[in-house]
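Examining the three-dimensional arrangement
Here is what each chain is made of, one letter per residue.
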Amino acid sequence: MRDDDDQAWRPAVPARASAVWERASARSDGGPRAAEVDDAGDLAPAAPDPAVSTAGPLRPPGRASSALTGVARAAAARWRRLTPTRRVAVLLGATALVAALVAVGGVAAGPEYAPVARASLEVDDLRTAPTTTAWSTDLRSALAPGAEADCVGFDGSTRLGDDDVLVTTSAQGYVPDSGCEDAPGRLARLDARTGEVLWVADVAEAVGVDAIGLQASVDPATGDALVAVQSIVGSGLARIDTETGEVREVLRGPPDDGATGQVDESDGSDGSATGGADDGSDPGYDPEGSGPSTGTGTGTGTGSSTGTVLQVEGLSTTAVVVSEQPVERFSDGGAAVSQGGRSLYRLYRADDLSAPTWTGSAGAGLSVRLVGDLLVIDVGDEPLVVDARDGAVEPLPGGLRNVESWAASLDGVVLSGRAGGEPTMVSLDSDGALRWSARLPSTSYPSVTDSCISVTVPGGEVTCLDPRTGDELWSRTLQAPGRGGDDGDGGPGSGEAEQVQAYFGTATDDVLAAVVDADEQGDPSGLDRGKEVHALAALSGDERWVTELPVASYVIATSRTTGYAATFFPSGRDTPTLIAFDLSDGRTLWTIELSSGSFTSAFWGPTLVRVDPDGVVHGLTTGVELAG
């Protein structure tokens, strides 16, 4: 053995050729033919291959090809020098790299969707038309046994937790001698995933009124439901345990605690009414009202010994405001037959209907707005704010002299109206203190989310205010459908939209602003697609997508990737439809008929439903679930 046997083996370096590249001649066996060697030992060009065309001179490959060839040879040489273990490791690493590149490329090339901002409002993601019935439940048998099919309707728009809803009944065609006078006023808890009816409560019987409709809200603190029962004349109220359906409390009429006395039908103009004002404010109004009362709130019916009826004027998740009015003000059909006079107003917390936290007296027809625990009442030229928790009364801050719209915002309320003759919006916190006040471009009804208060005005302008400060975040002017801007000649493609709508109550935080062409607003059917809905990012105003919808349609819900718009026809002559569209680009995915019966909410909780004319409700699905 040589002394260097333990050294790494090294092959001999071959002699360097005089030509960098030569074309090989063919072998006799059809394989590549080696180049011939001349007398000097150098490589000489091989004889031409007759099977290969020699029409043109042979050229060496370009620099790019030579470089690639060199890289390939170097890689091959390095691969041969690797041990088997190292070769396996390299293969695994390369596989992981390819997988990562594919994943990144797929995300980058895929559609982009805005994050879900309000999971409590998210509905099922139906990418294809629902063709499968997940469940069917006969609600007429469960909630309205014996009622004629066309006399009762059902609605499950009040969501309870993730999957359940509260289903209310309503009277259809409720007029004297219609045969629908005995329509029930019942409430049920329904599992919208399975269609199971968990309990049924006869609220109208508990309250003692003939119901034509129910309105429900859920107290987030207690989980109890406040249910207002509306009759032809008067209302009633019940607090219900949503776990069992048990009626916990009932408010039927004026409490007999002596806190308010008799209802004075005079308007105070003769100075006879208590609290009459000499400053031009509402005659007879008692601006302070009374503090918390300790009496019972359960009377014997909508009417009482004082000849008054109870009317539910406002219902929130945490409070309710009612009025007490003389029964003589109303006809048998419920219409007000006399004006003027005064009414007593009572404000209750949702968890205690036994005693009002505040009572006040004012002229009949007082405008009241109840949001959360805050009651805003228009009295004279100085609206007041009443706190339902303790009955405290304060002037409405921000200088508003009237209130035209209101909405919950950041555990408080935003209100718009006029201050000093100018359109103004004010924001109050949960205690009624002023957060900010801002001038508006014109009178508007805002759409409110936690990221943006969108204000729309005629002409296509959409402005977004910061809910926390009132500062303008952005403003955009949207063009009417099919118009690219003003071309100066008044022809097609010029002009702006005549109507702008903004939608809220969906799971997305985007501003969904609809622009309606003035030429399409008079369409009697509303089926022509003369409305465009623009999705604008809440923080920047950037347009995410735009879709065209029928004029008589409204965006009603969104899921993670799909938006839904419904058409409504008050005449009942046309069948409502539901239109699904993609939330990344606005393209229409599918369209179906909602129901052939009376209108009901399309989504009960997360589930799309169809209610048949006979009162059978069906939960619909595609049978396909999206990956999370």
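Criteria and cut-off values
Residues numbered from 1 in each chain as written. Predicted model: local features only at pLDDT ≥ 70, side-chain atom pairs only at ≥ 80, totals over all residues. Heavy atoms only, no water. Pairing = 2+ DSSP bridges. Helix = DSSP H or I, 4+ residues; strand = E, 2+ residues; numbered from the N terminus. Axes fitted to C-alpha atoms, helices over the stretch in contact; angles between N-to-C directions. Buried < 20%, exposed > 50% of the residue type's maximum accessible area, 1.4 Å probe, protein only. Disulfide = S-S within 2.5 Å. Phe/Tyr/Trp six-rings, centres within 6.5 Å; stacked < 30°, edge-to-face > 60°. Lys NZ or Arg CZ within 6 Å of the ring centre and 35° of its normal. Core = buried A, V, L, I, M, F, W, Y, C linked by side-chain atoms within 4.5 Å. pLDDT = per-residue confidence, 0-100. Contact = heavy atoms within 4.5 Å. Salt bridge = Lys/Arg side-chain N within 4 Å of Asp/Glu carboxyl O.

A few points about the sheet that holds strand E30 (residues 499-503)
Strand order in the open sheet formed by 4 strands is E30-E31-E32-E33, and the pairing between neighbours is antiparallel. What marks the edges here is a single partner per strand, and that holds for E30 and strand E33 (543-549). Pairs of neighbouring strands in the sheet enclose a mean axial angle of 20°, with direction left out of account. Taken together, the 6 bridges between strand E31 (residues 511-516) and strand E32 (residues 531-536) define a ladder with antiparallel strand orientation. By the bridge assignment, Ala514 is partnered in E32 with Val533.

A word on unusual backbone geometry
Positive phi is not limited to glycine here, since Leu410 has a value of about 50°. Mapped onto the fold, Leu410 is located in the loop between strand E22 (402-409) and strand E23 (412-419). Residue Leu410 is classed as partly exposed on the basis of its relative accessible area, which comes to 21%. Positive phi, normally seen in glycine, also occurs at Asp411, with a value near 65°. Tracing the backbone through its elements, the reader meets Asp411 in the loop between E22 and E23. Exposure remark for Asp411: the relative accessible area of 72% places this residue in the exposed category.

Side note on the pairing of strand E28 (residues 461-465)
A regular strand places its side chains so that they alternate between the two faces of the sheet. A large share of E28 lies buried, amounting to 4 of its 5 residues. Note that strand E27 (residues 453-457) and E28 share 5 bridges and pair antiparallel. Across the sheet, residue Ile453 finds its bridge partner in E28, namely Leu465. Connecting the antiparallel pair E27 and E28 is a turn made up of 3 residues, with Gly459 showing a positive phi of about 105°.

Side note on the state of the cysteines
In this structure the tally under the stated criterion is 1 disulfide. Here Cys452 pairs with Cys464 through a disulfide, and the sulfurs are 2.2 Å apart. Here Cys452, found in the loop between strand E26 (447-448) and E27, pairs with Cys464, found in strand E28; they are 12 residues apart in sequence, far enough to count as distant. Note on accessibility: Cys452 and Cys464 belong to one class, buried.

Focus on the packing of aromatic side chains
All told, the structure shown has 4 aromatic pairs when counted by the stated rule. A centroid spacing of 6.3 Å and a plane angle of 90° characterise the contact between Tyr503 and Tyr554, whose relative ring orientation is edge-to-face. Separated by 51 residues along the polypeptide, Tyr503 in strand E30 and Tyr554 in strand E34 (residues 553-558) bring together distant segments of the chain. Taking relative accessible area as the criterion, Tyr554 reaches 38% and is therefore assigned partly exposed. Among the aromatic residues, those joined into a ring-pair cluster are Tyr564, Trp590 and Phe603. Lying over the aromatic face of Tyr554, Lys531 brings its terminal NZ or CZ to 4.7 Å of the ring centre.

Comments concerning the nonpolar core
Residues Leu166, Leu187, Val203, Val207, Val227, Val229 and Ile240 are the most contacted members of the largest nonpolar core, which totals 19 residues. By size, the runner-up hydrophobic cluster in this structure holds 16 residues, among which are Ala362, Ile377, Leu384 and Ala388.

A closer look at the confidence of the model for the protein
Residues of the protein with pLDDT of at least 70 account for 63%, and the chain-wide mean is 75. Put simply, strand E4 (residues 43-44) is where the protein has its lowest mean pLDDT, 40, and strand E8 (residues 186-191) is where it has its highest, 97. Contacts of residues 16-61 to residues separated by more than four positions or lying in other chains number 36 contacts, the stretch itself having pLDDT below 50.

As for the pattern of salt bridges
With the rule as written, the count across this model stands at 23 salt bridges. We note a salt bridge from Asp509 to Arg118, for which the minimum N-O separation is 2.8 Å. A residue pair is termed long-range when its members are at least 10 positions apart, and Asp509 in the loop between E30 and E31 and Arg118 in the loop between helix H2 (84-109) and strand E5 (132-138) qualify at 391 residues. When the shortest N-O distance is used, the salt bridge between Asp612 and Arg610 registers 3.3 Å. One network of salt bridges, with partners in common, ties together Asp224, Arg239, Asp241, Arg248 and Glu249.

Some remarks on the environment of Glu196
Assignment of secondary structure puts Glu196 in the loop between E8 and strand E9 (197-202). Along the sequence, Glu196 and Asp164 sit 32 residues apart, while their C-alpha atoms lie 9.6 Å from each other. In this view, Glu196 contacts Arg189, Leu190 and Asp191; residues no more than four positions away in its chain are not counted.

Some thoughts on the sheet that holds strand E35 (residues 562-567)
The 4 strands are arranged E34-E35-E36-E37 in an open sheet whose pairing can be described as antiparallel. The open sheet is flanked by E34 and strand E37 (588-593), the only strands paired with a single partner. Adjacent strand axes in the sheet meet at a mean angle of 25°, parallel and antiparallel pairs treated alike. One ladder, built from 5 bridges, connects E35 with strand E36 (residues 577-582); its direction is antiparallel. Looking across to E36, one finds that Tyr564 is bridged to Ala580.

Some words on the environment of Leu166
Of note, Leu166 is situated in strand E7 (residues 164-171). With relative accessibility at 0%, the residue Leu166 sits in the buried group. When the C-alpha atoms of Leu166 and Ala225 are compared, they prove to be 9.0 Å apart, with 59 residues separating the residues in sequence. Among residues more than four places away in sequence, those in contact with Leu166 are Asp155, Gly156, Ser157, Thr158, Leu160, Leu187, Ala188, Arg189, Trp199, Ala216, Val218 and Ala225.

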